[in-house]
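Close look at the chain arrangement
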Amino acid sequence: QVQLVECGGGLVQPGGSLGLSCAASGNIFSINIMGWYRQAPGKERELVAVITSGGSTDYVDSVKGRFTISRDNAKNTVSLHMNSLKPEDTAVYYCYAAVRHPPTMRPYDYWGQGTQVTVSS
């Protein structure tokens with residue numbers, strides 16, 4: 001089993017910055033993909049950013065140039081640095097990881113509990 005624990009989130013003014021972090025622990029052989037999703041009230045959960053074990057990244061268009069995703073493979077952590085925040089960024093942000101477990105190395109999806117990000121003046 002794997003646990004994903006998020007930290008960060010909170011209330012920030014428009015134009016401000018905020019950082020999110022997520023740490024994975026448990027029976028982990030490797031983590032292929034880590035990322036962040038978000039879900040606003042009345043909307044579907046959407047991909048915000050993902051990063052592979054090799055460091056390749058992808059972002060949803062609405063956050064390109066403002067958000068930066070990074071990971072530390074040795075520590076099994078992923079972070080999301082958010083700049084120039086807008087009210088439309090308000091959502092619950094969820095950490096995601098695709099984890100392979102021994103002995104089969106079969107991948108499984110894991111999700112964090114979510115952390116609230118509110119952008120408001």
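Because the structure is a prediction, the values reported are computed rather than measured. Each chain carries its own residue numbering, running from 1 in the direction its sequence is written. Restriction of local features to residues with pLDDT of at least 70 applies here, the model being predicted, together with a cutoff of 80 or more for giving and counting side-chain atom pairs; totals for whole chains, interfaces and linings are based on all residues. With hydrogens and water set aside, each side-chain value is computed from the structure's full complement of heavy atoms.

Thoughts on the pairing of strand β5 (residues 46-52)
Bridge count for strand β4 (residues 30-39) against β5 is six bridges, and the pairing is antiparallel. Across the sheet, the residue bridging to methionine 34 is isoleucine 51, located in β5. We treat two strands as partners when DSSP finds at least two bridges between them. A run of H or I in DSSP counts as a helix once it spans at least four residues, and a run of E counts as a strand once it spans at least two, with each numbered from the N terminus. Looking at chain direction, β5 and strand β6 (residues 57-59) are connected through three bridges and run antiparallel. Counted as the bridge partner of alanine 49 is tyrosine 59 from β6. Hairpin remark: β5 followed by β6, antiparallel, with four residues in the connecting loop; positive phi at glycine 55, about 100 degrees.

Considerations on the pattern of salt bridges
The salt bridge definition used is simple: a Lys or Arg side-chain nitrogen within 4 Å of an Asp or Glu carboxyl oxygen. Considering all chains together, one arrives at four salt bridges under this definition. In this structure, aspartate 89 and arginine 38 form a salt bridge, with 3.0 Å as the shortest nitrogen-oxygen distance. Here aspartate 89, found in the loop between β8 (77-82) and β9 (91-101), pairs with arginine 38, found in strand β4; they are 51 residues apart in sequence, far enough to count as distant. Both residues of the pair, aspartate 89 and arginine 38, belong to the buried class. Relative accessibility under 20% of the residue-type maximum defines a buried residue, over 50% an exposed one, and the middle range a partly exposed one, all with a 1.4 Å probe and only protein chains included.

Topic: unusual backbone geometry
At the junction of proline 102 and proline 103, the peptide bond is cis and its omega measures out at 0 degrees in the coordinates. In this fold, proline 103 is placed in the loop between β9 and β10 (106-111). Phi is positive for methionine 105, which is not a glycine, with a value near 65 degrees. In this structure methionine 105 comes out as partly exposed when scored by relative accessible area, which is 29%.

Points about the environment of asparagine 32
If you trace the backbone, asparagine 32 turns up in strand β4. Note: C-alpha distance between asparagine 32 and glycine 54 (22 residues apart in sequence) is 8.6 Å. We call two residues in contact when some of their heavy atoms are within 4.5 Å. With residues near it in sequence (within four places) discarded, asparagine 32 still touches Ile51, Thr52, Ser53, Arg71, Ala98 and Arg100. Of the polar contacts made by the side chain of asparagine 32, one reaches the side chain of arginine 100; its length is 3.0 Å. What qualifies as a polar contact is a pair of N or O atoms within 3.5 Å, subject to a donor-acceptor requirement within protein and to the restriction that residues adjacent in sequence count only when both atoms come from side chains.

By themselves, these figures tell us nothing about what the structure is for.
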